[in-house]
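# Structural overview
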Amino acid sequence: MELFFTFVKIGLFTFGGGYAIISMIENNCVEKKAWITHDEMMDVTVIAESTPGPIAINCATFIGYKKAGFLGALVATLGIVVPSFIVIFLISMFLDNFLEITIVANAFKGIKVGVGLLILDAAITMINKMQKKRNCQD
């Protein structure tokens, strides 16, 4: 259940797709829960990026598998997918009127900025870790 709800929270509160989610996945699964190491997160990001499918789902599936085998992979994948599915389904029911609401339109402008910052944070974190790893090998 902890695995499922961790990925539900990540899927529910992160906007902007896979690259924006990487920062949240790393924060939750590496730093807070220590389910995988920083090196494993770097590896899973590269593998998830190079395999077919959305990067966030691929990362969740790998981490779930690492934590609890096949069932963990299934639970983590469902956890990251279900919130987006529900939100998109609800929005599609009211799409015509939804974007006309001033608060919603302004919220989406703010979300765009937040997504950019999440992607930048993930990139900076990975670059810093690669530099530290390279300096340790020298």
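Look above for the structure.
Everything quoted here is computed from the prediction, not taken from an experiment.

This part covers the packing of helix α3 (residues 38-50) against helix α4 (residues 55-93). Remark: α3 packs on α4, axes separated minimally by 9 Å, with the N-to-C direction vectors making an angle of 130 degrees. Considering the angle they form, α3 stands oblique to α4. Every pair of crossing elements has a handedness; the one defined by α3 and α4 is right-handed. Contact residues: α3 offers Glu40, Met41, Val44, Thr45, Ala48 and Glu49, while α4 offers Ile55, Asn58, Cys59, Phe62, Ile63 and Lys66. When the residues that make up the contact of α3 with α4 are grouped by side-chain class, the tally is 7 nonpolar, 2 polar and 3 charged.

Here we take up the pattern of salt bridges. Evaluated as defined, the whole model comprises 2 salt bridges. Here glutamate 2 makes a salt bridge to lysine 33, at a shortest N to O gap of 3.2 Å. Residue glutamate 2 is found in helix α1 (residues 2-13), and its partner lysine 33 is found in the loop between α2 (18-32) and α3; the two are separated by 31 residues along the sequence. On the accessibility criterion, glutamate 2 (46% relative accessible area) is partly exposed.

Structurally, glycine 72 is set in helix α4. A residue is classified by how much of its surface remains accessible, and glycine 72, at 3% relative accessible area, is buried. For the pair formed by glycine 72 and leucine 12, sequence separation is 60 residues and the distance between their alpha carbons is 19 Å. In this structure glycine 72 touches Leu3, Gly64 and Tyr65, once residues within four positions along its chain are discounted.

Per the counting criterion, the structure on display carries 2 aromatic pairs. Measuring from centroid to centroid gives 5.3 Å for phenylalanine 4 and phenylalanine 5, while their planes differ by 75 degrees, and the two rings are edge-to-face. Taking relative accessible area as the criterion, phenylalanine 5 reaches 49% and is therefore assigned partly exposed. Ring plane angle 15 degrees and centroid distance 6.4 Å describe the contact between phenylalanine 85 and phenylalanine 89, whose orientation is recorded as stacked. Of this pair, phenylalanine 85 and phenylalanine 89 both sit in helix α4, separated by 4 residues, roughly a single helical turn. Classification of phenylalanine 85 as exposed rests on a relative accessible area of 58%.

Parameters at a glance
- Residues numbered from 1 in each chain as written.
- Predicted model: local features only at pLDDT ≥ 70, side-chain atom pairs only at ≥ 80, totals over all residues.
- Heavy atoms only, no water.
- Axes fitted to C-alpha atoms, helices over the stretch in contact; angles between N-to-C directions.
- Helix = DSSP H or I, 4+ residues; strand = E, 2+ residues; numbered from the N terminus.
- Parallel < 35°, antiparallel > 145°, perpendicular 65-115°, else oblique.
- Left-handed = near helix turned anticlockwise from the far one by under 90°.
- Contact = heavy atoms within 4.5 Å.
- Nonpolar A, V, L, I, M, F, W, Y, C, P; charged D, E, K, R; others polar.
- Salt bridge = Lys/Arg side-chain N within 4 Å of Asp/Glu carboxyl O.
- Buried < 20%, exposed > 50% of the residue type's maximum accessible area, 1.4 Å probe, protein only.
- Phe/Tyr/Trp six-rings, centres within 6.5 Å; stacked < 30°, edge-to-face > 60°.

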